[in-house]
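Secondary and tertiary structure notes
This is what each chain is made of:
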Amino acid sequence: FSPPPMPMASPLMGKKKKPFLGMAAPLGYVPGLGRGATGFTTRSDIGPARDANDPVDDRHAPPGQRTVGDKMKKNQEDDEEDLNDTNYDEFNGYAGSLFSSGPYEKDDEEADAIYAALDKRMDERRKERRELREKDEIEKYRMERPKIQQQFSDLKRKLSGMSDEEWLSIPEVGDARNKRQRNPRYEKLTPVPDSFFSKHLTTGDKHTTVDPLQGLNLPGGLESPYPGGMTPGLMTPGTGELDMRKIGQARNTLMDMRLSQVSDSVSGQTVVDPKGYLTDLNSMIPTHGGDISDIKKARLLLKSVRETNPHHPPAWIASARLEEVTGKLQVARNLIMKGTEMCPKSEDVWLEAARLQPGDTAKAVVAQAVRHLPGSVRIYIRAAELETDVRAKKRVLRKALENVSKSVRLWKTAVELEEPEDARIMLSRAVECCPTSVELWLALARLETYENARRVLNKARENIPTDRHIWITAAKLEEANGNTQMVEKIIDRAITSLRANGVEINREQWIQDAEECDKAGSVATCQAVIRAVIGIGIEEEDCKHTWMEDAESCVSHGALECARAIYAHALQMFPSKKSVWLRAAYFEKNHGTRESLEALLQRAVAHCPKAEVLWLMGAKSKWLAEDVPAARSILALAFQANPNSEEIWLAAVKLESENNEYERARRLLAKARSSAPTARVFMKSVKLEWVLGNIEAAHDLCTEALKHYEDFPKLWMMRGQIEEQSEHNEKAREAYNQGLKKCPHSIPLWLLLSRLEERVGQLTRARAILEKSRLKNAQSPELWLESVRLEYRAGLKNIANTLMAKALQECPNSGILWAEAVFLEARPQRKTKSVDALKKCEHDPHVLLAVAKLFWSERKITKAREWFLRTVKIEPDLGDAWALFYKFETQHGTEEQQEEVRKRCENAEPRHGELWCAESKHVLHWQKKIGEILTQVASKIKNTF
């Protein structure tokens, strides 16, 4: 072991320390001046040499991890432009920017701004066109390939109207897994007998087969199925092996203990009641929906309120109801009974206690309440409700009336339990105790005889001079006993008396009372009330408008006599107003009898002899009643009042032609052509000859008419159709073309010409005609519809769809186009299209009819019927709707429903509709009634939609 070497002495240790170190520099000293290092600046003077954002200087890092050098090299490579010929484009030049390395000056910035503005301007010019084109392309793509979402959108929209029961009744989705995955075979565990363990306890041998000799007592040591005898010592306890006998005994003991717990002294019976056990479980479930912590807070707050102010009844009631809600009914009863002790004068507390207590206890509570509050009506009513026997109820109420004789409610409740005779006696006493109760006076008057009732009502008027119901009841009483002349006087005296007593006559209330009288059968009272109050509080210039509204309101409420009285008063005030007479006539036509209508029309034409429509309504009424001479006489009178009236001439012609008096009709038309020639008179003349089969005469008349009225399109149509009927297609084409020159805006003329060309096989010419018609008649949905159907009939469904899209763009609110568009779609998209149609044309009858047909095609019978009813209600003049409705009822309705549709259609008298007009205006069907036309049109409708 050698000691550590001594350190060598440093040569600097011997030098002395410089004396100027640590001293201040002399004045004018510049460091480094002696060795020429002047102006040198260190890093401590200027701070760090690199900016904080500069990259890290790791030039000594491995080549793959450098940042400074590698980035510089990369930037140099980027700056070097690729000016090779392969990178040069004849239009764009080089791929990169040739001047990216140059400085970016203000001129460059201004130039870039100008170019950006130009680009933006050019983009805006093309933006709208580009967006429309993109939108059309997207719509076309969506139409050809609709999304799954669009196909199911109607079903998803229906989910908003589903109830909870419908949602829960949706069947579960089927399991797509295979049988083995759906029904996995779980491991089955079977209890092993103790003998198995005892036999295999002494050996470690494993057996995979069963010895057939096992269990047989064969001699010769074959008692065991495996080699190795069983020694007795293995069965003794305490040797560390299992004693299976004791395990079995312990198991039996445990089972006996469990059985003894649930058994009583009777053997074989148990004290567990399964139904009662489940009931107890249900009673343990809290019935409230609140949180337990909230219940505790509420209980604590209410306890605080009770302790702070024990005489505050709502605190006790709230506490009891809280406990009732949480299922602690007995606690609630105890609380409310304590509340009755603290607040014995509170009616609400006693009523709550009676509500919470069971039957007999509740009666005792109510009896106690009566002792504390003998004047409480509600407690007496509750006491009567608790009684189940009627005699006991009467006894309670009579006792109550002894204490509270001024209570109208108690009297009414008591009278309701009595027989009529006893009720009359009680009411006579009741009106003495409560003379200001109108209900009691009126009830007594109803039970009295006529004379006594009059006396009762007079006494009631003395006691209550401000109530109108007593006066109205008096008027109804007089009417019921045949004194109708007194009714008017009573109502007038009522108005005067009530005004004298300062009662304001409320017009609406009186009209409502009149409606109630009407429904009760008191017609005279109803009319008297209307006459008395109809003009109260209305300015003279508003009378007519207000009265018409009142009449319509009464009709909607089912008060027809009120409406009739209003119309009668209005006609009395405005006898020369044709509109009032017309409304009254339509009211009688819809809700009155034929006699009342004819009587009204006779008065109407006497006051307004120039009103042609009133004469015509009267003549039609007589004609419908098959009284043709009377109808002729009415029209003769109409001629005297309105000479040379076109409407009356044509009505007379129709009357004669409908009754097969063709010669008289011809003479009338000839006379009309000479005395009052109009285009319609000539048209009816041509039509009469045409339908009677006189084609030559019809042709000559048509030619003569066109000399005078060449701008009347129906004459050109009839001429063309007559030629078509004679199979002179060239002449028909010529007639249509001449007509279009004179009447280029007649849509039916264009349609007839197009269909003629289509019928003769000139599809291209028909298409050209329709295009020309659309140019001359812009935004005409009928022409667009015919164009679409033309392509569809030709089998060009894609062109039909394209035309339909254009048509909907030009006529977005056309119901007939939307209705057709619904059925142009494939079945999955029809419902979505119908929703769009309803958004655009909510109240259009054609769209409503299309929706009804859609539900019909989906076999939704109830909904289809609702939409058919809605359609015919909105537009009863649309014959197609009635025909489809009738066809629907013939397939899915009863005979009564079919007959109802037929009657409503006959009353509506429809005149329009594509299918309807094709049948009703056919020359062979000119004499058919509306019911026959309805059956004819319905029979031709095929369920192809």
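Residues numbered from 1 in each chain as written. Predicted model: local features only at pLDDT ≥ 70, side-chain atom pairs only at ≥ 80, totals over all residues. Heavy atoms only, no water.

In the annotation of an unreviewed UniProt entry, the protein chain is listed under the name Pre-mRNA-processing factor 6 and assigned to Esox lucius. Checking UniProt for the protein chain, the heading Sequence similarities (unreviewed entry) contains the comment "Belongs to the crooked-neck family." Checking UniProt for the protein chain, the heading Function (unreviewed entry) contains the comment "Involved in pre-mRNA splicing as component of the U4/U6-U5 tri-snRNP complex, one of the building blocks of the spliceosome. Enhances dihydrotestosterone-induced transactivation activity of AR, as well as dexamethasone-induced transactivation activity of NR3C1, but does not affect estrogen-induced transactivation." (UniProt positions renumbered as here; feature names shortened; annotations may be inferred.)

**Regarding helix 44 (residues 845-857)**
In this model, helix 44 (13 residues) spans 18 Å end to end at C-alpha, consistent with the 18 Å of a helix rising 1.5 Å per residue. Most of helix 44 sits inside the fold, with twelve of its 13 residues counted as buried. Of the positions making up helix 44, those classed as buried are Pro 845, Val 847, Leu 848, Leu 849, Ala 850, Val 851, Ala 852, Lys 853, Leu 854, Phe 855, Trp 856 and Ser 857. Of the surrounding secondary structure, the elements contacted by the buried residues of helix 44 are helix 42 (815-824), helix 43 (827-840), helix 45 (861-874) and helix 46 (879-892). With a side-chain oxygen positioned 2.9 Å from the backbone nitrogen of His 846, the residue opening helix 44 is Asp 844. Remark: Arg 859 follows helix 44 within two positions and exhibits a positive phi of approximately 65 degrees. (Helix = DSSP H or I, 4+ residues; strand = E, 2+ residues; numbered from the N terminus. Expected span 1.5 Å × (residues − 1). Buried < 20%, exposed > 50% of the residue type's maximum accessible area, 1.4 Å probe, protein only. Contact = heavy atoms within 4.5 Å. Polar contact = N/O pair within 3.5 Å; in protein donor to acceptor, adjacent residues only side chain to side chain.)

**Comments concerning the packing of helix 44 against helix 45**
Their axes nearest at 8 Å, the elements helix 44 and helix 45 cross at an angle of 165 degrees. For the element pair helix 44 / helix 45, the angle class is roughly antiparallel. Seen along the crossing, helix 44 lies across helix 45 with a hand that is left-handed. Side by side, helix 44 and helix 45 meet where Pro 845, Leu 848, Leu 849, Val 851, Ala 852, Phe 855 and Trp 856 of the first sit next to Lys 863, Ala 864, Trp 867, Phe 868, Arg 870, Thr 871 and Ile 874 of the second. When the residues that make up the contact of helix 44 with helix 45 are grouped by side-chain class, the tally is eleven nonpolar, one polar and two charged. (Axes fitted to C-alpha atoms, helices over the stretch in contact; angles between N-to-C directions. Parallel < 35°, antiparallel > 145°, perpendicular 65-115°, else oblique. Left-handed = near helix turned anticlockwise from the far one by under 90°. Nonpolar A, V, L, I, M, F, W, Y, C, P; charged D, E, K, R; others polar.)

**Regarding the pattern of salt bridges**
Considering all chains together, one arrives at 28 salt bridges under this definition. In this structure, Glu 786 engages Arg 755 in a salt bridge whose closest nitrogen and oxygen atoms are separated by 3.0 Å. Of this pair, Glu 786 sits in helix 40 (residues 781-793) while Arg 755 is found in helix 38 (residues 747-759), placing the two residues 31 residues apart along the sequence. Through salt bridges with shared partners, a single ionic network connects Arg 321, Glu 324, Glu 352 and Arg 355. (Salt bridge = Lys/Arg side-chain N within 4 Å of Asp/Glu carboxyl O.)

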